[in-house]
Amino acid sequence: MSKEKVRLVKPSAEYKETYAAFYEDWVASGESMVPWVISKEPYPFEEMLAFLERSEQGIDIPEGWVRDSTYWLVTESDRVVGVVNIRHELNEKLFHSGGHIGYGIRPGERQNGYGAEILKLSLEITKDLGIPKVLVVCDAHNEASRRVILRNGGIQDQDYVEPDGNIVERFWIGK
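Colleague: Can you break down the nonpolar core residue by residue, with the values?
Modeller: Core analysis: the biggest nonpolar cluster contains 24 residues, and Leu73, Ile101, Tyr103 and Leu119 have the highest contact counts within it. Broken down by secondary-structure element, the contributors of at least two residues to this core are β1 (6-9), β2 (68-75), β3 (80-87), β4 (101-105), α4 (114-128), β5 (133-139), α5 (143-151) and β8 (167-174). The leading source of residues in this core is α4, at 6 residues. The residues touching tyrosine 103, leaving out its near neighbours within four places in the chain, are Val34, Pro35, Val83, Val84, Gly115, Ile118, Leu119, Val136, Ser145, Val148 and Ile149. Formed by 16 residues, the second largest nonpolar core is a distinct cluster that contains Tyr19, Phe45, Leu49 and Val83.

Below you can see the structure in the form of structure tokens.
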């Protein structure tokens, strides 16, 4: 499938069917769900939307978590091809291994340039949120994500080694 123009949208009932298809497609792939927010089962759909809205408003967020905003990357044909979760601030865990922006592209839609687009559009949102310098991370083995981050102006910082030995590469974008 060829790449379509895309935009970020707030999660809404308008995209219920296409988001459910996105979710089911990812589950069927057996891959880890990144960003974490897509691992939240979207049934009942209205409850998931309410959860996302509360997270953005900072209501009922778990201890040790921060406010975050979720957006869906949608094509011209209204198909959800990606999800981004933008954290409004960094706590210690996010500073080391989570960053401000976590994004994922639907397994069957990779290699179409959607990763670079979702990060580019997300950086516009972080500016609007007043975050001038954004931390974006990826696992050291994720070459595609590293290229996306570098293409969007990422400057590599010191890596972080998680307790299980996984190496997280850390990049700053902005001033």
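The structure having been displayed, the exposition proceeds.
Colleague: Provide a residue-level description of the pattern of salt bridges, including the pertinent values.
Modeller: Considering all chains together, one arrives at 11 salt bridges under this definition. For glutamate 46, the salt bridge goes to lysine 16, with nearest N and O atoms at 3.9 Å. Within this pair, whereas glutamate 46 is found in helix α2 (residues 45-57), its partner lysine 16 is found in helix α1 (residues 16-29), the two being separated by 30 residues in sequence. The class for glutamate 46 is partly exposed, based on a relative accessible area of 48%. Across the pair arginine 110 and glutamate 31 runs a salt bridge whose closest N-O atoms are separated by 2.8 Å. Note that arginine 110 is positioned in the loop between β4 and α4 and glutamate 31 in the loop between α1 and α2, a separation of 79 residues in sequence. Judged by its relative accessible area of 32%, arginine 110 is partly exposed. According to the relative accessible area criterion, glutamate 31 is partly exposed, its value standing at 36%. When salt bridges with common partners are traced through the structure, they connect Glu143, Arg146, Arg147 and Glu169 into a single cluster.

Colleague: Can you explain α5? Please cite residues and give values.
Modeller: Among all positions in α5, only Ser145, Arg146, Val148 and Ile149 are buried. Buried residues in α5, looked at end-on, bunch into an arc of 160°, giving them a common side. Looking at the buried side of α5, the elements it contacts are β4, α4, β5 and β8. Just beyond α5, the residue with positive phi is glycine 153, at close to 95°.

Colleague: Before we move on, could you go through the side chain of histidine 100 and cite the residues and values that matter?
Modeller: Examined against the element boundaries, histidine 100 turns out to sit in the loop between α3 (92-97) and β4. Classification of histidine 100 by relative accessible area gives buried; the value is 6%. Filtering out sequence-adjacent residues up to four positions away, histidine 100 remains in contact with Asn85, Ile86, Arg87, Glu89, Leu90, Ile131, Lys133, Val134, Leu135 and Trp172.

Colleague: So what's going on with the packing of aromatic side chains? Residues and values would help.
Modeller: Aromatic ring pairs: the centre-centre distance and the angle between the two ring planes describe each pair. Using the criterion set out here, one finds 9 aromatic pairs in the structure. Summarising the aromatic geometry, the rings of tyrosine 19 and phenylalanine 45 are spaced 6.4 Å apart at their centres and angled 55° between planes, so their arrangement reads as tilted. Of this pair, tyrosine 19 sits in helix α1 while phenylalanine 45 sits in helix α2, and the two are 26 residues apart along the sequence. In this pair, the class of tyrosine 19 matches that of phenylalanine 45, namely buried. With centroids separated by 6.2 Å and ring planes inclined at 55°, the aromatic side chains of phenylalanine 45 and tryptophan 72 adopt a geometry described as tilted. Taken together, the residues span a long stretch of sequence, with phenylalanine 45 in helix α2 and tryptophan 72 in strand β2 at a distance of 27 residues. Judged by relative accessible area, which is 3%, phenylalanine 45 ranks as buried.

Scoring rules and cut-offs
- Residues numbered from 1 in each chain as written.
- Predicted model: local features only at pLDDT ≥ 70, side-chain atom pairs only at ≥ 80, totals over all residues.
- Heavy atoms only, no water.
- Core = buried A, V, L, I, M, F, W, Y, C linked by side-chain atoms within 4.5 Å.
- Buried < 20%, exposed > 50% of the residue type's maximum accessible area, 1.4 Å probe, protein only.
- Helix = DSSP H or I, 4+ residues; strand = E, 2+ residues; numbered from the N terminus.
- Contact = heavy atoms within 4.5 Å.
- Salt bridge = Lys/Arg side-chain N within 4 Å of Asp/Glu carboxyl O.
- Arc of directions from axis to C-beta.
- Phe/Tyr/Trp six-rings, centres within 6.5 Å; stacked < 30°, edge-to-face > 60°.

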